Amino acid sequence: MSEEITVVALLKAKLGAEEKVAQAMVACIKPSRAESTNSQYVPNRDLDDPQTFVFVERWASRKALQDHMETPHFKTLAAELNTLLEAPIQLHILQPLPGA
């Protein structure tokens, strides 16, 4: 079985902070996609709830995700989001079921 993982991160912006959250997420796209262990990095906004944002990411392994979380661009994103979110980020680390 491949070690590749899919990450889904759900973020809920404070009311009025939606654009700042969006800008912080977009700023992290280019450097994250440049990481050799990343094959997908897509921030999304929920069309029915503009305060809700979702990252969908693919990494070569859990270690690759951990390494990503130690990069300067991720640490900058985390620091910026710290005061802009209503609740902690909900992080789901996924792997397909066998045969999927």
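The structure presented is a predicted model; accordingly, all values stated were derived computationally and were not measured.

Visitor: How should the sheet that holds strand 4 (residues 90-94) be read in this particular structure?
Guide: Pairing between the strands of a sheet comes from backbone hydrogen bonds, and it takes one of two forms, parallel or antiparallel. The antiparallel open sheet is built from 4 strands, whose spatial order is 2-3-1-4. Taken across any chain shown, the strands that pair with only one partner, and hence form the sheet edges, are strand 2 (38-45) and strand 4. Strand-to-strand twist of the sheet, defined as the mean angle between neighbouring strand axes without regard to direction, takes the value 10°. Of the strand pairs in this sheet, strand 1 (residues 5-12) and strand 4 are connected by 5 bridges, and their pairing is antiparallel. Bridge pairing links Leu10 to Gln90 in strand 4.

Visitor: Help me understand the pattern of salt bridges, please; the structure alone is not making it clear to me.
Guide: If the charged atoms of two oppositely charged side chains come close together, the side chains can form a pair. Tallied over the full model, the rule gives 4 salt bridges. Here Asp67 makes a salt bridge to Lys63, at a shortest N to O gap of 3.0 Å. Taken together, the residues Asp67 and Lys63, both in helix 3 (residues 62-68) and 4 residues apart, mark about one turn of the helix. Among the residues examined, Lys63 registers a relative accessible area of 51% and is labelled exposed.

Visitor: I would appreciate a short explanation of the environment of Leu77 in the present structure.
Guide: With respect to the helices, strands and loops of the structure, Leu77 is situated in helix 4 (residues 72-81). For Leu77 and Cys28, which are 49 residues apart along the polypeptide, the C-alpha to C-alpha distance reads 6.8 Å. Those residues in contact with Leu77, other than ones at most four positions away along the chain, are Ala24, Met25, Cys28, Tyr41 and Phe55.

Visitor: Can you help me understand helix 4 in this one?
Guide: One full turn of an α-helix is made of 3.6 residues, so residues set three or four places apart face in the same direction. Those residues of helix 4 that fall on the buried side of the exposure criterion are His73, Phe74, Leu77 and Leu81. Looking down the long axis of helix 4, one finds its buried residues gathered within 100° of arc, a one-sided arrangement. Exposed and facing more than 90 degrees away from the buried side of helix 4 are Pro72 and Ala79. Considering only its buried residues, helix 4 is in contact with strand 1, helix 1 (18-27), helix 2 (29-33), strand 2, strand 3 (52-59) and helix 3.

Visitor: Which parts of the structure should I look at to understand the nonpolar core?
Guide: Side chains that are nonpolar tend, in soluble globular proteins, to be buried together. Formed by 22 residues in total, the largest nonpolar core has its most connected members in Leu11 and Val21. Only strand 1, helix 1, strand 3, helix 3 and helix 4 provide two or more residues apiece to this core. Those residues in contact with Leu11, other than ones at most four positions away along the chain, are Met25, Gln51, Thr52, Phe53, Phe55, Leu81, Leu85 and Ile89.

Visitor: It is not clear to me how the packing of helix 1 against helix 4 should be interpreted in this structure. Could you clarify?
Guide: Between helix 1 and helix 4, the least distance of the axes is 9 Å, while the angle of their chain directions is 175°. The orientation of helix 1 with respect to helix 4, classified from their angle, is roughly antiparallel. Counted together, Val21, Ala24 and Met25 of helix 1 and Leu77, Glu80 and Leu81 of helix 4 form the full contact between these two elements.

Parameters at a glance
Going along each chain's sequence as written, the residues are numbered from 1 onward. Whole-chain, interface and lining totals are the exception, using all residues; otherwise, since this is a predicted model, local features are given only for residues with pLDDT of at least 70 and side-chain atom pairs are given and counted only at 80 or more. Hydrogens and water are ignored here; the side-chain numbers use all heavy atoms of the structure. The criterion for strand pairing is that DSSP finds at least two bridges linking the strands in question. Strands here are runs of E lasting at least two residues and helices are runs of H or I lasting at least four, both read from the DSSP assignment and numbered beginning at the N terminus. For every element, the axis is a line fit to its C-alpha atoms; helices are fit only across the contacting stretch, and the angle between N-to-C directions ranges from 0 to 180 degrees. Whenever a carboxyl oxygen of Asp or Glu lies within 4 Å of a side-chain nitrogen of Lys or Arg, that contact is scored as a salt bridge. Accessibility here uses a 1.4 Å probe with only protein chains present; expressed as a share of the type maximum, an area under 20% marks a residue as buried, one over 50% as exposed, and anything in between as partly exposed. Any two residues having at least one pair of non-hydrogen atoms within 4.5 Å are treated as being in contact. Starting at the helix axis, one direction is taken to each C-beta atom, and the arc is that of these directions. Joining through side-chain atoms within 4.5 Å is the link that ties buried Ala, Val, Leu, Ile, Met, Phe, Trp, Tyr and Cys residues into a set, and such a set is a nonpolar core. Angle categories: roughly parallel below 35 degrees, roughly antiparallel above 145, roughly perpendicular from 65 to 115, and oblique for all the rest.

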